[in-house]
Amino acid sequence: MVKNRQFLKHLAAIILAIICILPLNACAAVSKTADGDPIYQQRTVHNPDGIGKFYMGREIAQVMGYQGAGWLERPSRGMEEKSARLVNNLDLKPTDIVADIGAGTGYFSFRIAPLVPEGKVLAVDVQPEMINFIKLNKQEKNIANVEPVLGSIDNPNLPENSVDLVVMVDAYHEFAYPREMMQGIVKALKPGGRTVSIEYRGENPLIAIKGLHKMTQKQVKKEMAAVGLVWKETKDMLPQQHLMVFEKPSQI
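What you see is a predicted model, and the numbers here were worked out from it, not measured in a lab.

Asks: Quick question: what am I supposed to make of the pattern of salt bridges here?
Replies: Think of it this way: side chains of opposite charge can pair up when their charged atoms draw near. If you walk through the whole model with that rule in mind, you get seven salt bridges. Here Arg58 makes a salt bridge to Glu223, at a shortest N to O gap of 2.8 Å. One end of the pair, Arg58, is in strand E4 (residues 58-61); the other, Glu223, is in helix H8 (residues 217-225), with 165 residues separating them in the sequence. Looking at Glu223, the relative accessible area reads 0%, which means it is buried.

In C-alpha cells, the structure reads:
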C-alpha cells in the first residue's frame, strides 16, 4: 500500500510537470487578493519583451535598465516627444508637490521643478543607479527642489496624503507590481490629487514602439479604476502618446 502511494505521488508530479509546459499554461501561478480573486498570472509561454507576468489581461513589459540612461537623455527627445508641451499641459501650481514615478535620470523632474518654485519634485525610481544619476544631475543643474526617492518594486515609498500630482511617463507598463504600486501612489496622493499617465498609444500599430511598451486608453482606464482613481480627461496633443488625467476622490 505504501509503495502504491509513493508511485501515485511520483505519477502526479510527472503529470503536473507535463501540464506546466503546455502552451495553454494550465498551471500558471496565480496571486490572489484576500477575497481569493486572482491579481497576477505567471505564464511560461509569453512575449519575449515581457516578464511572463500578466495583470488584468496585459503582460507586464521588461524594465529598461539604467544602461539605457543615455537614451533617456538623448538630444532629440525633446523634439520627438514634445517634452515642453507635455510639461506645460500638467496644469501645475507653483506650490505643487509632484511625484515623478519611474523618474529614470530625472529628465522630466528637472523640467517640472522650475514650474513649482514653492513646491518640489520627488523623483522616484527603483534602481539605485538611476537615483545616482538624479543626484549628479541635481548637482550639475543646481536645482534644489528635486528630491531623489528610492522606491521598491511594490511601493513608491512616499508619505501618505503628501502629493498633489503624480506623473508617470512611459513607466507604468513596466511596474512589476502595478496593483500594489498604484495603491501606494493613491495613499500618497492628497484627496482630490491627480495622477497623469503618459503612454505610447497602443491603439496605433504605426507607432514604432514595441507592443508591450504601449497601452490603450481602455486598458489604462481599467487598471486605474481598479485602485479607485477616476478618469477626468485625455489630452492627445502629443505626437505619439496619450496624456491621461485621473483623480483621487475626496473619499476613497
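Asks: Please explain unusual backbone geometry as it appears in this structure.
Replies: Peptide bonds are trans in most cases, and residues, glycine excluded, mostly fall at negative phi. One non-glycine residue, Met56, lies in the positive phi region at around 50 degrees. The exposure class assigned to Met56 is partly exposed, which follows from its relative accessible area of 25%. The phi torsion at Asn161 lies on the positive side, around 50 degrees, for a residue other than glycine. Mapped onto the elements of the fold, Asn161 is located in the loop between strand E7 (146-150) and strand E8 (163-169). When its relative accessible area of 40% is taken as the criterion, Asn161 is described as partly exposed.

Asks: Explain helix H6 (residues 128-141) to me, please; I cannot follow it from the model alone.
Replies: An α-helical segment advances 3.6 residues per turn. Residues three or four places apart therefore align on the same side. With 14 residues, H6 extends 20 Å from end C-alpha to end C-alpha; this agrees with the ideal 20 Å at 1.5 Å per step. Among all positions of H6, only Met130, Ile131, Ile134 and Asn137 are buried. One side of H6 carries all its buried residues, which in axial view fall inside an arc of 120 degrees. Exposed side chains of H6 directed beyond 90 degrees from the buried face belong to Leu136, Gln139 and Glu140.

Asks: What is the right way to read the nonpolar core from this model?
Replies: Burial of nonpolar side chains together is a common tendency in soluble globular proteins. Counting residues in hydrophobic clusters, the biggest one holds 30 residues, and the most contacted among them are Ile101, Leu158 and Met182. For this core, the secondary-structure elements that each account for two or more residues are strand E2 (38-42), strand E5 (97-101), strand E6 (120-125), E8, helix H7 (178-188), H8 and strand E12 (241-247). Top contributing element to this core by residue count: H7, with five residues. Setting aside anything within four residues of it in sequence, one finds Ile101 in contact with Val124, Pro156, Leu158, Val166, Val167, Met168, Ala171, Phe175 and Ile185. Within the second largest apolar cluster, 27 residues are counted, among which are Phe108, Phe110, Ile131 and Val146.

Asks: What is the right way to look at the packing of aromatic side chains in this model?
Replies: The description of an aromatic ring pair uses the distance of the two centres, along with the angle that the planes make with each other. Using the criterion set out here, one finds four aromatic pairs in the structure. Measuring from centroid to centroid gives 5.0 Å for Tyr107 and Phe108, while their planes differ by 80 degrees, and the two rings are edge-to-face. Each of the two residues, Tyr107 as well as Phe108, counts as buried. Ring centres of Tyr172 and Phe175 lie 5.3 Å apart, and the angle between their planes is 70 degrees; this geometry places the pair in the edge-to-face category. Taking the relative accessible area as the measure of exposure, Tyr172 reaches 0% and is therefore buried. Grouped by ring-pair contacts, the aromatic residues Tyr40, Tyr55 and Tyr177 constitute a single cluster. We note Arg43 situated over the ring of Phe54; from NZ or CZ to the ring centre the distance is 3.9 Å.

Rules used throughout
- Residues numbered from 1 in each chain as written.
- Predicted model: local features only at pLDDT ≥ 70, side-chain atom pairs only at ≥ 80, totals over all residues.
- Heavy atoms only, no water.
- Salt bridge = Lys/Arg side-chain N within 4 Å of Asp/Glu carboxyl O.
- Helix = DSSP H or I, 4+ residues; strand = E, 2+ residues; numbered from the N terminus.
- Buried < 20%, exposed > 50% of the residue type's maximum accessible area, 1.4 Å probe, protein only.
- Expected span 1.5 Å × (residues − 1).
- Arc of directions from axis to C-beta.
- Core = buried A, V, L, I, M, F, W, Y, C linked by side-chain atoms within 4.5 Å.
- Contact = heavy atoms within 4.5 Å.
- Phe/Tyr/Trp six-rings, centres within 6.5 Å; stacked < 30°, edge-to-face > 60°.
- Lys NZ or Arg CZ within 6 Å of the ring centre and 35° of its normal.

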